[in-house]
Amino acid sequence: QVQLVESGGGLVQPGGSLKLSCAASGIMFSIYAMGWYRQAPGKERELVAQIASGGTTNIADSVKGRFAIARDNAKNTVYLQMNSLKPEDTAVYYCNAHRVVYISLYDYWGQGTQVTVSS
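These remarks concern the structure in this document. (Residues numbered from 1 in each chain as written. Predicted model: local features only at pLDDT ≥ 70, side-chain atom pairs only at ≥ 80, totals over all residues. Heavy atoms only, no water.)

Before going further, it helps to spend a moment on the state of the cysteines. Enumeration according to the criterion identifies 1 disulfide in this entry. With a sulfur-sulfur separation of 2.1 Å, Cys-22 is cross-linked through a disulfide to Cys-95. In this structure, the disulfide formed by Cys-22 and Cys-95 twists by about -80° around the S-S bond and is classed as left-handed. In this pair, Cys-22 sits in strand E3 (residues 18-25) while Cys-95 sits in strand E9 (residues 91-101), placing the two residues 73 residues apart along the sequence. Per residue, the accessibility class of Cys-22 equals that of Cys-95, and both read buried. (Disulfide = S-S within 2.5 Å. Helix = DSSP H or I, 4+ residues; strand = E, 2+ residues; numbered from the N terminus. Buried < 20%, exposed > 50% of the residue type's maximum accessible area, 1.4 Å probe, protein only.)

Moving on, we get to the packing of aromatic side chains. A complete count under the given rule lists 2 aromatic pairs for this structure. When the ring of Tyr-32 is compared with that of Tyr-108, the centres are 6.2 Å apart and the planes differ by 45°; the resulting orientation is tilted. On the criterion of sequence distance, the pair formed by Tyr-32 in the loop between E3 and strand E4 (33-39) and Tyr-108 in strand E10 (residues 104-109) is long-range, its members being 76 residues apart. Ring geometry for Tyr-37 and Trp-109: centres 5.0 Å apart, planes at 65°, overall edge-to-face. Taken together, the positions of Tyr-37 in strand E4 and Trp-109 in strand E10 put the pair 72 residues apart, joining distant regions of the chain. What makes Tyr-37 buried here is its relative accessible area of 16%. Directly above the aromatic system of Tyr-79 lies the positively charged group of Lys-19, at a separation of 4.6 Å from the ring centroid. Against the face of Trp-109 rests Arg-45, its NZ or CZ located 4.6 Å from the ring centre. (Phe/Tyr/Trp six-rings, centres within 6.5 Å; stacked < 30°, edge-to-face > 60°. Lys NZ or Arg CZ within 6 Å of the ring centre and 35° of its normal.)

This is how it looks when you write it as structure tokens:
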């Protein structure tokens, strides 16, 4: 049974920082691409950051320079460091594990963690 469990969300003032964690179980973590997505009320889910199994990262333009993604394969955990937070970063943040093998897609999601940026 695959589980992705996010933690670290909460309420933070504009300009503040948060670090999200996603602990994975039930998958061979090191061979999966991991990502963070977010969904704000009334908006579609959007990619925030991805990290490939080899460590290559992809950061959305909207958060580039403020957010960073990292993974620890020994702990089966992916992190999202969020700095200089803005009210528009308010959303539910979801962890994703993704792998494509030939025509088979392996795609798993966590339950989400709320991040609220407000004074």
